Structures are given as structure tokens and as C-alpha cells.
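Each chain, written out:
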Amino acid sequence: MKNHLFKSIIVMMSALLGATSLYAERTRSIEPVTFGNKSLSLSIAPDAAASTPIIKELWPVGTKNSSTEVSERELPVHGNIRRITDVNVPSFTVYRAYNKMAGPAPAVLVFPGDGYRILAIDIEGTEVAEWLNSIGITAIVVKYRVPKNWEGAFQDGQRAIRLVRHHAKEWN
């Protein structure tokens, strides 16, 4: 799974919840992280979820970036990969991590993919979110417009970043 995590998805660190580049570099292992003269150790229980996932649409219904007709469909499972295509109502799901630390917690936007044709929603989306949660990082899995809608996917990514930053205090 780690190979898929670092090869197949686009992961963006968002400053929305106080993430720093130093923390982002050290999230591959659960070792102490140093911020100036302060040290932080993560000891997160894997099953300690903060709450149920929050699902939000990226665009208001009826705008040019969102369709009123949902035609999203799931393709037959290929190997062990759940594949989704024909996404025309982009959304994101927030998987909040249990965070014992005082203060803001980091978050990562996760864009599952496969060449703008499908979304490998489990192996490059929800499984990545579970792993990030296990190390105390909130994960936001973005379901962007596919297939072959490069401009729409880019707009969805920009919109996801804006909305997550807007809701940062509420979700922290």
C-alpha cells in the first residue's frame, strides 16, 4: 500500500490545520517530530476515530461545475481495486483523525486516480485515509470529475483546497 500511496496519488499538504513541511517529511514513520525546541511523539491507537466521515459536495447543485444528474457508476472490481467513473458531482470526504495533541492538527488532501479515467477509490483513497488517520493526520479524499476531464479535475482540486481551508477551524 505504501508504494501506491507515494507513487499513484497526488498528496497535498495543506496549511489549513497547521501542518508544517517538517511534519510532512516525517509522517512516513511514527517517530518523534521536532518543532524548534519542542518534541512531539505520536501514539495513536489505529481504531481511535474522531467521528464519522463528513461528505461535502464541491460545487453548488446546478452550477456549470456540478450536474443535477448523478451518473456516477462503479466498474467491476479489477484485482482488488474498486473503480469509480463518470463522476459529474464532485465531492470530498473528511476522515478526521483522533488527535491527542493540543492545538491544530495536520491534514492531507488525497486525490485517488488512474490517469483521469477512473478513481481507484479504495486503494488510493479510503485505505490511504485510514493509514493517515492511524498516524494522527486528518485525510480528505477528493472525488473529482472523471473521465478525461482534466480542466474539471484541476478546478475540483482548487475548490477542495479552498473549502477545506474555509472549514479548518470547524473540523479541528
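K.L.:
What is the right way to look at the overall build of the chain in this model?
P.N.:
Counting its secondary structure elements, the chain contains 5 helices and 10 strands. Counting over 172 residues, the chain shows a buried share of 44%. Of the accessible surface of the chain, which amounts to about 9500 Å², a share of 52% is contributed by carbon and sulfur atoms.

K.L.:
Help me understand the nonpolar core in this model?
P.N.:
In summary, soluble globular proteins display a tendency toward joint burial of nonpolar side chains. In terms of nonpolar packing, the biggest core is built from 30 residues, with Leu 58, Phe 92, Leu 109, Leu 132, Ile 140, Val 142 and Tyr 144 touching the most fellow members. With 5 residues, strand E8 (residues 107-111) is the single largest residue contributor to this core.

K.L.:
Can you help me understand helix H4 (residues 150-166) in this one?
P.N.:
Helical geometry: 3.6 residues make up each α-helical turn, so side chains three or four residues apart lie on a common side. Taking 1.5 Å of rise per residue, 17 residues should cover 24 Å, and H4 covers 24 Å from first to last C-alpha, within 8% of that figure. Considered for burial, the residues of H4 that qualify are Gly 152, Ala 153, Gln 155, Asp 156, Gly 157, Ala 160, Leu 163 and Val 164. The inward-facing, buried residues of H4 abut strand E4 (54-57), strand E7 (91-95), E8, strand E10 (138-143) and helix H5 (168-171).

K.L.:
I'm lost on the sheet that holds strand E5 (residues 73-78) in this one. Help?
P.N.:
Sheets are built from strands paired through backbone hydrogen bonds, the pairs being either parallel or antiparallel. Strand order in the open sheet made by the 3 strands is E5-E6-E9, with antiparallel pairing throughout. Each of the sheet's edge strands pairs with one partner strand only, and the pair in question is E5 and strand E9 (119-120).

K.L.:
I would appreciate a short explanation of the confidence of the model for the chain in the present structure.
P.N.:
Detail in the predicted coordinates should be disregarded across regions flagged by low pLDDT. Of the residues in the chain, 66% have a pLDDT of 70 or more, and the chain-wide mean is 74. Low pLDDT (under 50) marks residues 1-49, which in the prediction has 92 contacts with non-local residues, meaning those over four places away or in another chain.

K.L.:
Mind showing me how you'd approach the pairing of E8 here?
P.N.:
In summary, the side chains of a regular strand alternate between the two faces of the sheet. Across the 5 residues of E8, 5 count as buried, placing the element largely inside the fold. Residues Ala 107, Leu 109 and Phe 111 point to one face of E8 and Val 108 and Val 110 to the other, with burial holding for every one of them.

K.L.:
Sorry if this is basic, but what is going on with the pattern of salt bridges here?
P.N.:
If the charged atoms of two oppositely charged side chains come close together, the side chains can form a pair. Tallied over the full model, the rule gives 5 salt bridges. In this structure, Arg 73 engages Asp 86 in a salt bridge whose closest nitrogen and oxygen atoms are separated by 2.6 Å. Within this pair, whereas Arg 73 is found in strand E5, its partner Asp 86 is found in the loop between strand E6 (81-85) and E7, the two being separated by 13 residues in sequence. With a relative accessible area of 24%, Asp 86 lands in the partly exposed category. For Arg 117, the salt bridge goes to Asp 114, with nearest N and O atoms at 2.9 Å. Since its relative accessible area comes to 34%, Asp 114 is described here as partly exposed.

Each value, and the rule that gives it
Residues numbered from 1 in each chain as written. Predicted model: local features only at pLDDT ≥ 70, side-chain atom pairs only at ≥ 80, totals over all residues. Heavy atoms only, no water. Helix = DSSP H or I, 4+ residues; strand = E, 2+ residues; numbered from the N terminus. Buried < 20%, exposed > 50% of the residue type's maximum accessible area, 1.4 Å probe, protein only. Areas by Shrake-Rupley, 256 points an atom, 1.4 Å probe, with all protein chains shown as cover. Core = buried A, V, L, I, M, F, W, Y, C linked by side-chain atoms within 4.5 Å. Expected span 1.5 Å × (residues − 1). Contact = heavy atoms within 4.5 Å. Pairing = 2+ DSSP bridges. pLDDT = per-residue confidence, 0-100. Salt bridge = Lys/Arg side-chain N within 4 Å of Asp/Glu carboxyl O.

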